[in-house]
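# Breakdown of the fold
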Amino acid sequence: MAAMLQAIGVASPSVAFSDHYNKSSVSSIRSFPVIRSGLRSISGSGHGSFKPGKVITKATATQTEKSASTTSKPGHELLLFEALREGLEEEMDRDPRVCVFGEDVGHYGGSYKVTKGLAEKYGDLRVLDTPIAENSFTGMGVGAAMTGLRPVIEGMNMGFLLLAFNQISDNCGMLHYTSGGQFTIPTVIRGPGGVGRQLGAEHSQRLESYFQSIPGIQLVACSTVYNAKGLMKAAIRSENPVVLFEHVLLYNLKERIPDEEYVLSLEEAEMVRPGEHITILTYSRMRYHVMQAAKTLVNKGYDPEVIDIRSLKPFDLYTIGNSVKKTHRVLIVEECMRTGGIGASLTAAINENFHDYLDAPIVCLSSQDVPTPYAGTLEEWTVVQPAQIVAAVEQLCQ
Amino acid sequence: MACSATAQIIQPLSINSARSVDNSDACAKILNPSSFLVSTPRINKKLFSVNKSISPFARRSATVFAVSSDVVKEKKLKSNSSLSNLLITKEEGLELYEDMYLGRAFEDMCAQMYYRGKMFGFVHLYNGQEAVSTGFIKLLKKEDCVVSTYRDHVHSLSKGVPAREVMGELFGKTTGCCRGQGGSMHMFSKEHNVLGGFAFIGEGIPVATGAAFTSKYKREVLKEDCDEVTLAFFGDGTCNNGQFFECLNMAALWKLPIVFVVENNLWAIGMSHLRATSDPQIWKKGPAFGMPGVHVDGMDVLKVREVAKEAIGRARRGEGPTLVECETYRFRGHSLADPDELRDPAEKAHYATRDPITALKKYMAENKLAAEAELKVIEKKIDELVEDAVEFADKSPVPARSQLLENVFADPRGFGIGPDGKYRCEDPKFTQGTAHV
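Residues numbered from 1 in each chain as written. Chains lettered and ligands numbered in written order. Predicted model: local features only at pLDDT ≥ 70, side-chain atom pairs only at ≥ 80, totals over all residues. Heavy atoms only, no water.

### Quick word on the sheet that holds strand 11 (residues 304-308) of chain A
Residue and element names in this part refer to chain A. What counts here: Strand pairing is defined by DSSP finding a minimum of two bridges between the two strands. The way it works is that DSSP assigns letters per residue, a run of H or I at least four long becomes a helix, a run of E at least two long becomes a strand, and they are numbered from the N terminus. Note on method: axes are straight lines fitted to C-alpha atoms, helices fitted across the in-contact stretch only, with angles between N-to-C directions ranging 0 to 180 degrees. Two residues form a contact once any of their heavy atoms are found within 4.5 Å.
Reading across from one edge, 9-11-10-13-14 is the order of the 5 strands in this open sheet, with mixed pairing throughout. Unpaired on one side and paired on the other, strand 9 (270-273) and strand 14 (363-367) mark the two borders of the sheet. Sheet twist, expressed as the average angle between the axes of neighbouring strands with direction ignored, equals 25°. In this sheet, strand 11 lies alongside strand 9 in antiparallel orientation, the contact comprising 3 bridges. Looking at the pairing, E270 lines up with D308 of strand 11. Seen against the sheet, helix 15 (residues 386-396) touches strand 10 (278-282), strand 13 (330-337) and strand 14 and runs at an angle of roughly 150° to strand 13.

### Side note on helix 13 (residues 342-354) of chain A
Residue and element names in this part refer to chain A. Defined as follows: In this scheme, a helix's expected span is set at 1.5 Å multiplied by one less than its residue total. Exposure classes here rest on a 1.4 Å probe applied to the protein chains alone. A residue is buried below 20% of its type maximum, exposed above 50%, and partly exposed in between.
For helix 13, which comprises 13 residues, the first-to-last C-alpha distance of 18 Å matches the rise-based estimate of 18 Å (1.5 Å per residue) to within 8%. Every buried residue of helix 13 is listed here: I342, G343, L346, T347, A349, I350 and F354. Where the residues of helix 13 are buried, they touch strand 10, strand 12 (311-313), helix 12 (317-327), strand 13 and strand 14.

### Notes on the packing of aromatic side chains
What counts here: Ring pairs are drawn from Phe, Tyr and Trp, using the six-membered ring of Trp, whenever the two centres fall within 6.5 Å, and their geometry is named by plane angle: stacked under 30 degrees, edge-to-face over 60, tilted for the rest.
Applying the stated criterion across every chain, the model contains 19 aromatic pairs over all chains. Geometrically, the ring pair formed by A:F101 and B:F213 is edge-to-face, given 5.0 Å between the ring centres and 80° between the ring planes. Placement of A:F101 in strand 2 (residues 98-102) and of B:F213 in helix 8 (residues 204-220) is noted, with the two residues assigned to different chains. Both residues of the pair, A:F101 and B:F213, belong to the buried class. Here B:F234 and B:F260 contribute two aromatic rings whose centre-to-centre distance is 6.4 Å and whose plane-to-plane angle is 65°, an arrangement assigned as edge-to-face. Pair noted here: B:F234 is in strand 4 (residues 230-235) and B:F260 is in strand 5 (residues 258-264), with a separation of 26 residues, a long-range link. Look at B:F234 and you get buried, because its relative accessible area is 1%. B:F260 gets classed as buried once you look at its relative accessible area, which sits at 0%. Clustering of aromatic rings is evident, with ring pairs tying together B:F234, B:F244, B:F245, B:F260 and B:F289.

### Re the nonpolar core
We apply this condition: Joining through side-chain atoms within 4.5 Å is the link that ties buried Ala, Val, Leu, Ile, Met, Phe, Trp, Tyr and Cys residues into a set, and such a set is a nonpolar core.
Residues A:I350, B:M167 and B:F260 are the most contacted members of the largest nonpolar core, which totals 125 residues. Ignoring sequence-local partners within four residues, the contact set of B:M167 consists of B:F106, B:M109, B:M119, B:A389, B:V390 and B:A393. Membership of the second largest hydrophobic core comes to 38 residues, among which are A:F81, A:V98, A:M232 and A:L250.

### A closer look at the confidence of the model for chain B
How we decide: Residue-level confidence of the predictor, termed pLDDT, takes values from 0 up to 100.
Taken over all residues, the pLDDT of chain B has a mean of 84, while the share at 70 or more is 80%. Predicted complex, confidence summary: ipTM 0.81, pTM 0.82.

### Looking at the interface of chain A and chain B
We count it as follows: Any carboxyl oxygen of Asp or Glu that lies within 4 Å of a side-chain nitrogen of Lys or Arg is treated as forming a salt bridge with it. Residue type decides the class: Asp, Glu, Lys and Arg count as charged, Ala, Val, Leu, Ile, Met, Phe, Trp, Tyr, Cys and Pro as nonpolar, and the leftover types, Gly among them, as polar.
Tallying the contact residues gives 54 residues for chain A and 54 residues for chain B. Across the contact surface, chain A and chain B share 0 salt bridges. Mapped onto the side of chain A that touches chain B, the elements with two or more residues apiece are strand 2, strand 3 (127-129), helix 7 (134-146), helix 8 (165-173), helix 9 (175-178), helix 12 and helix 13 of chain A. Counting residues per element, the side of chain A that touches chain B draws most heavily on helix 7 of chain A, which supplies 9 residues. Grouping the amino acids of the side of chain A that touches chain B by side-chain chemistry returns 24 nonpolar, 21 polar and 9 charged.

### Details of the sheet that holds strand 7 (residues 242-247) of chain A
The strands that make up a sheet pair up through hydrogen bonds in the backbone, lying either parallel or antiparallel. Residues and elements named next belong to chain A. Across the sheet, which stays open at both edges, the 7 strands sit in the order 3-2-4-5-7-6-12 with mixed pairing between neighbours. If you trace the sheet from one side to the other, it starts and ends with strand 3 and strand 12, each paired once. Averaged over all pairs of adjacent strands, the angle between their axes in this sheet comes to 20°, without regard to strand direction. As defined by bridge partners, strand 6 (residues 218-221) adjoins strand 12 across 2 bridges and the pair is classed as antiparallel. Within strand 12, the position partnered with L219 by the bridge is K313. The strands touched by helix 5 (residues 80-94) are strand 2, strand 3, strand 4 (150-154) and strand 7; relative to strand 2, the strand with the most contacts, the crossing angle is about 135°.

### Quick notes on the packing of helix 7 of chain A against helix 9 (residues 242-253) of chain B
Formally: Roughly parallel refers to an angle under 35 degrees, roughly antiparallel to one over 145, roughly perpendicular to one between 65 and 115, and oblique to any angle outside these ranges. Definitions for this section: a left-handed crossing has its near helix turned counterclockwise from the far helix by less than a right angle. A right-handed crossing has that turn clockwise.
At a minimum axis separation of 9 Å, helix 7 of chain A and helix 9 of chain B run at an interaxial angle of 65°. It follows from the interaxial angle that helix 7 of chain A and helix 9 of chain B lie roughly perpendicular. For the element pair helix 7 of chain A and helix 9 of chain B, the recorded crossing hand is right-handed. Contact with helix 7 of chain A, carried on its side by A:N135, A:S136, A:F137 and A:M140, involves B:Q243, B:E246, B:C247 and B:M250 of helix 9 of chain B and no other residues of that element. Here the residues of the contact of helix 7 of chain A with helix 9 of chain B sort into 4 nonpolar, 3 polar and 1 charged.

Structure representation (structure tokens):
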């Protein structure tokens, strides 16, 4: 996390970015001392996530310019999809049983370039280009895992994994149990999900919660370059089947990460910004909307504590609990669907465990229960925007 | 009953000789699409002309379309092999007999125990199909893998899982092969490489494909000396399922060491295969994906064994997968809860005369391989074994509450961190508690 803190000194988002919602906050960032973690990268991608098309490339370009001046810092800078690849490559070097299955992961290098170059390095069998048969190649991954391999199964889009639901639920999740513990299924199922940029309903599914109830699997969502690599490595090393949710719009985030090897914990949440007034729980792309809103809130005199829960199943009730005990107010901001979403489970878990510590009911901001519309404006209103977050915090903290 | 099978031409069954088509030269035409187009329409028309009560006999006729690969064709057996060149030795014969008898006795005991309230739920018995399990699995090594469906008791027994463990599992006791957690439809054994036991049909085929993939991976990537083969057993109903076709494609594409064994017993619960399938000849679906499709009489253990030898040999040598359709029949209903009213009693009676165990017994007697007395000794031994298994299972303890959450995760840290900051699994009592998010 040291890499994050270094950001403070360099926290100077270029004013070339047009902040959709909060023009005034741009200049105030420089003066703000304690913002941790990805604020720098937020300004890079946060804008990109509001406006279609060119701004993202602008963001990256600007980041590069900035980073040119910071070459003296330790670690190395890379994009999120490169970090995922680095993590994967390190694990494949370390353990020859780690292999990759997926559509277009080999010769094409992965539709989001996460596996670029790996097939040339490790061969066509270790980075396997599968036919378009999700249920079967996921099942094949299960069978391979049962007999000693450690497959990383890529869903080109997490929505495609709905076709593999049979294998994920019945076999990945259940076989360790129904075999009485005889067989382990150390698979990683990963892929991009979430609302992108006008990709249409089926490619923009927020379906983390569909997998929630499956006993026997762990769900994690990465959100920064740093935790993407760390979680990828942890997931591969885990003996449990892990579903790693990436987000389509976060692949081009740029950040400096340590050169040394590191593995993060699959079950822990990440403290993004400590605060006193309210606990905001979030994950994946919404982290950036929250941090965007945090800028505004800070200007208005609020002190939000932002936690990226990372582990969607199981929840890290220790980090979350400590925060609740401190602030007594909880706001959950997620991209998941409202009904039966991760936020719904989290609300229940917090109410069950920390009811006495709450001064106000838990508020959960989720995306609308609607198939993601194609039209840009409708799509924007489908997910939670920083203005809504600010409003919710103001209401909660009355 | 013809036990003198050749690997290349499977003699047509004699039921409806009038309908049998002379296709002795069909084998010469390998994988030639035009020959299929020429020969099938006649058969298909016949089928549809037997409209309402489609007798399953109808299609039991000419199945000399044993389209085999070049490799299978090369194996030449003498046609009069029964006297001078027997298919099995005495030891092999006794082994086969013992295994089939074990399967039968065990399943009959299961039925008894079920009706006495010792086991519950869905129990699917294998009576009548023993030739397929024994014919294939007895050729395997311990490291080879078997994947089955819910009708998996006998596959597990043939593979070597002790009868005690299987019975214990059926009774739901901790001494079962899966600690009582799987049940009848989920038999697993790491030691004997039984990879399940799946309740949904078709589910196990990709798992088998994965196990075969591991074998190839070990050989080609890890450079280990590995020639392990995987057998996937499934029924006729499964052959209309997407996972079947997807896996045929992948297995042939990557030349995986797997044999797809179709136990075609004509019925998927109450759905006749002929009513569910546009082209009921399942073996033909193999060549469509680039692998040999072989059809064999699944009530004859020696025929099955010959075909199995070829198919398993192919896989071991790295030549790729084979699709083997075994025509067989289940003497009991789909499960013990199935009243089995739809099947024609005449059909059942017919197949009862083709009981594989009786057939093998007759073969061994005719060829002077074993005396009646020797077989009786085996039968007695098996009966005692099964009785012992029941007793063992009966006396075994039921699982305690603490077993409830034990095997949900291989790494129990997956249960997460509790409010107190410690991993939930650090509490020794957590497995008997409630699973938390």
